[in-house]
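Residues per chain are reported as follows:
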Amino acid sequence: MSVFILVSGPFTDGRIWSEVVGRLRESGAHAHPVSLSRQPEADLETHVEDVVRLIDSLDPTEEVVLVGHDYAIHPVLGAADRRPERVTRVVHLDAGMPQDGDTALALVPDPSVHELLRTDGGPGPVPPPEPARWQRWGSTEGLSARHLELLSRLAAPQPVRTLTQPLRLTGAAAAVPTSGILCTAGGTTVELVEALVRTGPPHLRKLADPRVGFFELATGHWPMLSCPDELAGVLLRAAADEGRRLTVPEEESSYARPFLLDTPERPRVRNGRVDLHLPETGTGMGTEAETGQGERADEGEGAGERGGGARGPWPAVLFVHGGPVPADLVPAPRDSPVYLGYARYTASLGAVGAVVEHRLHGITDYARAADDVAEAVELLRADPRVDAGRIALWIFSGAGLLAADWLAAPPPWLRCLALTYPILAPLPGWGVDPRFGPVGALRAAAGALPPVVLTRAGLETPQIAATVREFMTAATETKAPVEIIDVPHGRHGFESDEPTDESREAVVRAVRAVLAQLERRE
């Protein structure tokens with residue numbers, strides 16, 4: 001007999017599960033909603049102990065299914081790590097994948113919470129949202145005004161240390177089967193997760209383990225209120241080991257697959273977060289002049305050469321990798337085949353190909369990543385090998401939101417903005433600062449817009465494709481100069497798939513379109 005332990009997200013308690021509990025018990029299962037400790041001094045360890053105590057109080061012959069919604073996946077995983085022999089399954093209900101050492105704050109989308117915790121004097125518990133503010137914590141699709149009022153009426157302040165204390169895991173529960181229930185109104189679907197597993201960082205491949213099953217609910221972030229019957233049914237199916245399994249190649253992650261073009265290595269100069277890949281001596285689109293020496297990265301190019309023997313200044317393209325990506329990703333983005341390939345190909349055509357390694361590690365990091373990119377631009381423009389008046393920015397994937405700053409107030413030296421399979425509006429429930437809205441920035445732009453080169457993947461996930469359509473509508477309304485390069489059979493991250501003539505041609509066309517803009521003389 002399955003027994004469900006149901007743990008809800010921030011501010012809420014066991015009462016939020018009342019309808020789901022009723023449906024589960026009607027089916028013959030046992031269900032126990034948990035009300036986590038709300039004392040101001042409570043921390044994540046307190047909440048882990050709350051769940052462990054309940055597990056220990058149950059009949060040891062019962063099969064325990066731990067369900068963690070939102071924040072609660074942290075104490076749920078902590079409890080499973082303490083009692084792996086008692087837990088038959090962990091269910092992530094519209095929740096992340098925290099690892100050992102992660103804090104819940106890293107996944108908190110509401111920027112006002114981060115601002116609160118930066119205040120001096122030791123902030124107290126985080127106050128619960130008012131009814132109109134719950135959408136900053138997740139999609140409220142499917143919730144009525146009555147539901148939102150109920151959420152606020154039942155809510156209590158969240159003890160601050162539950163959000164800031166790191167999760168500690170020993171790995172004891174690594175073999176426990178897991179299920180992911182995705183609430184698709186928030187923008188995450190099984191298709192999107194599968195795309196990330198296929199082309200993203202290697203650590204995501206654990207989601208393709210046959211012990212992991214996925215379900216979708218066409219609702220917002222609080223399915224226990226918006227669709228309790230459907231949620232109860234999915235929980236029963238998860239306990240029965242149902243769910244969609246992801247299918248990805250058994251080979252090494254395509255993240256590390258060689259670039260789809262054969263690009264020769266060029267001398268690489270490392271300056272802080274920025275790597276510069278330099279053209280051949282005597283090539284390029286700018287005037288030639290002797291330049292100074294640069295610090296060489298230890299990449300085997302032959303230390304001691306003067307900037308690779310380069311002359312310049314040359315125009316430059318700064319490649320801004322997608323994200324969010326883990327801080328300890330191996331290889332790091334600027335060392336990955338895709339960004340090395342783009343930068344080297346650019347250098348082979350006579351412009352500096354630069355890659356910035358920014359710190360977009362979570363959806364709360366856009367402001368920090370924007371600062372990193374701005375700093376990288378200044379480092380790039382200050383380099384004597386670079387023509388400071390002819391710069392292009394090329395932004396990929398989830399970093400697409402960073403384009404907003406450059407669209408809102410485009411500087412005169414920005415000759416082109418390239419976007420490749422970008423996310424161009426925050427996905428539902430992200431709670432990103434409105435500053436990072438490229439669509440709004442496009443409509444409110446102050447100054448002449450730079451030409452935009454937009455590469456679209458024909459097999460893009462619907463949620464991301466919708467943001468691109470929204471951007472194109474705004475571009476049409478504002479008469480923004482956009483050149484579109486379509487890859488009809490390409491998926492998100494198509495450069496990491498098996499190369500095709502179509503994908504190679506798309507990359508060549510995009511690079512040459514950007515360089516053509518850099519060749520323009522004002």
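Q: An account of the overall build of the chain is needed here, citing residue identities and associated values.
A: The secondary structure content of the chain amounts to 15 helices and 14 strands. Sorting the 522 residues of the chain into buried and exposed places 56% on the buried side. Contacts in the chain between residues far apart in sequence, at least 24 positions, make up 80% of those at least 6 positions apart. A total of about 20800 Å² of accessible surface is found on the chain, and carbon and sulfur atoms cover 51% of it.

Q: Give me the sheet that holds strand β4 (residues 87–93): which residues, what numbers.
A: Taken together, six strands build an open sheet; the order of strands is β2-β1-β3-β4-β5-β6 and the sheet is parallel. The sheet terminates laterally at β2 (30–34) and β6 (212–217), the two strands that pair on one side only. Each strand axis lies, on average, 20° off the axis of its neighbour in the sheet, ignoring direction. Two strands pair when backbone bridges link them, and strand β3 (residues 63–69) and β4 are joined in this way by six bridges, in the parallel orientation. Counterpart to V67 in the pairing with β4 is V91.

Q: For the pairing of strand β14 (residues 482–487), give the residues involved together with the corresponding values.
A: As paired strands, strand β13 (residues 452–457) and β14 are joined by six bridges and run parallel to one another. Looking at the pairing, V452 lines up with V482 of β14. Remark: the β13/helix α14 (residues 462–478)/β14 crossover connection has right-handed handedness.

Q: Lay out the confidence of the model for the chain with the relevant residues and their values.
A: When the pLDDT values of the chain are averaged, the result is 88; 89% of them are 70 or greater. In the model, residues 286–310 has pLDDT below 50 throughout and makes 53 contacts with residues more than four positions away in sequence or in other chains.

Q: Could you give me a rundown of the nonpolar core, with the residues and numbers involved?
A: If you look at the biggest cluster of nonpolar residues, it comprises 66 residues, and the most contacted ones within it are I5, W17, L66 and L235. Among residues more than four places away in sequence, those in contact with L66 are I5, V51, I55, V76, A79, A80, V87, R89, V90 and V91. Residues L401, L417, F436 and A474 belong to the second largest nonpolar core, which totals 54 residues.

Q: Residue-level account of the side chain of T219, with values.
A: Relative to the helices and strands, T219 resides in the loop between β6 and α8 (223–226). On the basis of relative accessibility, which here comes to 4%, the residue T219 falls in the buried class. There is a polar contact of 3.5 Å between the side chain of T219 and the backbone oxygen of E141. Setting aside chain neighbours within four positions, we find T219 in contact with E141, G142, C183, T184, A185, G186, S226 and C227.

Q: Pulling in residues and values, what's your account of the packing of aromatic side chains?
A: Throughout the structure, instances matching the rule amount to 15 aromatic pairs. On the basis of an interplanar angle of 65° and a centroid distance of 5.8 Å, the ring pair of W406 and W413 is categorised as edge-to-face. By the burial criterion, W406 is buried, and W413 matches it. Here the aromatic residues F259, F319, Y339, Y342, W394, F396, Y421 and F494 are joined through ring pairs into a cluster of three or more.

Q: Give me the lowdown on the pairing of strand β8 (residues 274–277), citing residues and values where you can.
A: Neither face of β8 is left uncovered, since the one carrying V274 and L276 and the one carrying D275 and H277 both have all their residues buried. Bridging between strand β7 (residues 268–271) and β8 involves four bridges; their strand directions are antiparallel. Looking at the pairing, V269 lines up with L276 of β8. If you look at the hairpin formed by β7 and β8, you'll find two residues sitting between the two strands, and G272 has a positive phi there, around 60°. Strand direction decides the pairing type here: β8 and strand β10 (residues 352–356), joined by four bridges, are antiparallel. Bridge pairing in β10 places D275 opposite V355.

The rules behind each value
- Residues numbered from 1 in each chain as written.
- Predicted model: local features only at pLDDT ≥ 70, side-chain atom pairs only at ≥ 80, totals over all residues.
- Heavy atoms only, no water.
- Helix = DSSP H or I, 4+ residues; strand = E, 2+ residues; numbered from the N terminus.
- Buried < 20%, exposed > 50% of the residue type's maximum accessible area, 1.4 Å probe, protein only.
- Contact = heavy atoms within 4.5 Å.
- Areas by Shrake-Rupley, 256 points an atom, 1.4 Å probe, with all protein chains shown as cover.
- Pairing = 2+ DSSP bridges.
- Axes fitted to C-alpha atoms, helices over the stretch in contact; angles between N-to-C directions.
- Right-handed = clockwise from strand over helix to strand, strands pointing away.
- pLDDT = per-residue confidence, 0-100.
- Core = buried A, V, L, I, M, F, W, Y, C linked by side-chain atoms within 4.5 Å.
- Polar contact = N/O pair within 3.5 Å; in protein donor to acceptor, adjacent residues only side chain to side chain.
- Phe/Tyr/Trp six-rings, centres within 6.5 Å; stacked < 30°, edge-to-face > 60°.

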